[in-house]
Amino acid sequence: MAAQEIGSKESITVNGDETFVMASTYKVAIAVALLDRVDKGELKLSDLIDISQETMVTGDGAIAVNFVHPGIKLSVANLIETMITLSDNTATDACLKLAGGPEAVTKMMQSIGITDLRVDRYTSEILRDFYGLPDKAYASVLAEALAKDPTLAAKQPLRNLEFEQEDPRDQSSPNAMLQLLLAIDNGKALSEKSREFLLATMSRTRTGNGRLKGLLPKGTPVAHKTGTIGGVANDVGYVTLPDGRRFAIVVFTKSSTTSEADRDRAIAEVTRTLYDFYYLKQ
């Protein structure tokens with residue numbers, strides 16, 4: 001984990017330089033790279049983007065589940081909103097393509113001094129590699145694979161050591177992700193308008209209520225992004241203290257054999273410990 005009070009120069013870390021699978025927390029980096037294109041005038045948040053049935057990616061997100069007929073256009077703003085708040089994989093692949101692809105996101109991170117965070121694959125490719133699918137994890141491909149092997153769905157919460165430990169792609173250290181959160185907040189990564197847009201979007205995240213938020217006082221403002229795959233349960237974002245001070249926090253896990261509820265609880269306990277520490281440190 002890694003955490004830092006906004007405005008302070010002191011961080012708190014545990015295994016801060018070790019690399020972890022980001023899972024869906026990498027969608028923060030994708031959002032930043034895409035919003036950077038908006039800041040440069042190359043795209044507008046109001047631009048409408050075609051979403052074809054062939055590119056629907058498997059997952060619990062709203063797009064593939066709810067839009068079963070052809071004929072979908074979503075604005076760039078709504079794609080980012082759905083990618084962050086619902087962790088929608090179809091929206092993520094669309095956003096990543098608009099951002100210029102994985103290499104462009106990694107280069108953008110490097111341009112702001114973040115070298116220990118790499119984006120290498122679309123979500124359809126990450127899920128393909130995790131599940132061992134014959135093709136990208138589009139909804140049609142997974143449906144066919146499930147028909148052949150109904151046990152496939154049960155593998156989602158199980159750790160995959162080859163995927164987590166032997167494949168360096170799409171990984172970050174806690175410190176690198178913390179650097180990204182701080183760069184978003186201090187204006188190094190984005191314009192003020194894009195910063196406010198992204199932070200507002202992260203404040204509406206609906207996934208992972210038992211993680212960063214799990215043990216905080218009711219109503220504590222949290223803007224965050226979760227990530228889950230195999231033995232990985234992550235959450236990254238910003239927590240606001242009662243006096244208005246804020247801190248950025250990254251909690252990564254991997255190779256867990258505990259229940260999903262226990263993973264969430266561990267993240268919640270780390271967050272509450274830091275909340276109490278920063279609150280008392282006035």
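Residues numbered from 1 in each chain as written. Predicted model: local features only at pLDDT ≥ 70, side-chain atom pairs only at ≥ 80, totals over all residues. Heavy atoms only, no water.

(A) A look at the overall build of the protein. Across its full length, the protein holds 11 helices and 9 strands. Its C-alpha atoms give the protein a radius of gyration of 18 Å, near enough to 19 Å, the size a compact globule of 282 residues would have. If one aligns the C-alpha atoms of the protein with their principal axes, the spans along those axes are about 55 × 45 × 35 Å. Split into buried and exposed, the 282 residues of the protein put 53% on the buried side. Of the contacts made within the protein by residues no fewer than 6 positions apart, 70% connect residues no fewer than 24 positions apart. Put simply, the protein shows about 12600 Å² of open surface, and 51% of that area lies on carbon and sulfur atoms. (Helix = DSSP H or I, 4+ residues; strand = E, 2+ residues; numbered from the N terminus. Rg over C-alpha atoms; globule rule 2.2 N^0.38 Å. Buried < 20%, exposed > 50% of the residue type's maximum accessible area, 1.4 Å probe, protein only. Contact = heavy atoms within 4.5 Å. Areas by Shrake-Rupley, 256 points an atom, 1.4 Å probe, with all protein chains shown as cover.)

(B) The arrangement of the pattern of salt bridges in detail. Summed over the entire model, instances satisfying the criterion amount to 24 salt bridges. For D129, the salt bridge goes to R121, with nearest N and O atoms at 2.8 Å. Judged by relative accessible area, which is 3%, R121 ranks as buried. One salt bridge in this structure joins R211 and D264, with 2.7 Å as the shortest N-O distance. (Salt bridge = Lys/Arg side-chain N within 4 Å of Asp/Glu carboxyl O.)

(C) Representation of the sheet that holds strand β7 (residues 222-229) within the structure. The strand order β2-β1-β9-β8-β7 describes an open sheet built from 5 strands, whose pairing is antiparallel. Edge positions in the open sheet fall to β2 (11-13) and β7, since each of these has one partner strand only. Strand-to-strand twist across the sheet, computed as the mean angle between neighbouring axes with direction ignored, equals 5°. Bridge count for strand β1 (residues 2-5) against strand β9 (residues 246-251) is 4 bridges, and the pairing is antiparallel. Looking across to β9, one finds that E5 is bridged to F247. Of the strands in this sheet, β7, β8 (232-240) and β9 are in contact with helix α10 (residues 192-203), which crosses β7 at around 65°. (Pairing = 2+ DSSP bridges. Axes fitted to C-alpha atoms, helices over the stretch in contact; angles between N-to-C directions.)

(D) Here's a closer look at the side chain of T25. Within the secondary structure layout, T25 lies in the loop between β3 (20-21) and α1 (26-39). Within polar-contact distance, the side chain of T25 engages the backbone oxygen of M22 at 2.7 Å. Excluding anything up to four places from it in sequence, T25 contacts M177, K225, T226, G227, N234, D235, V236 and F252. (Polar contact = N/O pair within 3.5 Å; in protein donor to acceptor, adjacent residues only side chain to side chain.)

(E) The environment of I184, seen in detail. Checked against the element boundaries, I184 lands in helix α9 (residues 174-186). Its relative accessible area of 0% is what places I184 among the buried residues. I184 sits 15 residues away from L199 along the chain, and the two C-alpha atoms are 8.6 Å apart. Among all residues touching I184, those that are not within four sequence positions of it are V28, V32, A189, R195, L198, L199 and Y238.

(F) Spatial organisation of helix α5 (residues 102-111). Within α5 the residues assigned to the buried category are P102, V105, T106, M108 and M109. For α5, the angular spread of the buried residues around the axis is 160°, confining them to a single face. Exposed positions of α5 whose direction lies more than 90 degrees from the buried face are E103 and S111. Contacts from the buried residues of α5 go to α1, α4 (89-98) and α9. Immediately beyond the C-terminal end of α5, within one or two residues, lies G113, with a positive phi of roughly 90°. (Arc of directions from axis to C-beta.)

(G) Spatial organisation of the nonpolar core. Core analysis: the largest hydrophobic core is formed by 77 residues, its most contacted members being V32, L79, I80, L117, L180 and I229. Per-element accounting of this core gives the leading share, 10 residues, to α1. (Core = buried A, V, L, I, M, F, W, Y, C linked by side-chain atoms within 4.5 Å.)

(H) Quick look at the side chain of E164. Here E164 shows up in helix α8 (residues 161-166). Here E164 sits buried without a salt bridge, and the closest side chain of opposite charge, R159, lies 6.9 Å off (N-O distance). There is a polar contact of 3.0 Å between the side chain of E164 and the backbone nitrogen of G231. Engagement of the side chain of E164 in a polar contact is seen with the backbone nitrogen of S255, the distance being 2.6 Å. Once residues lying within four places of it in the same chain are set aside, the contact partners of E164 are V21, R159, Q171, I229, G230, G231, V232, K254 and S255. (Lys, Arg positive; Asp, Glu negative; His and termini not counted.)

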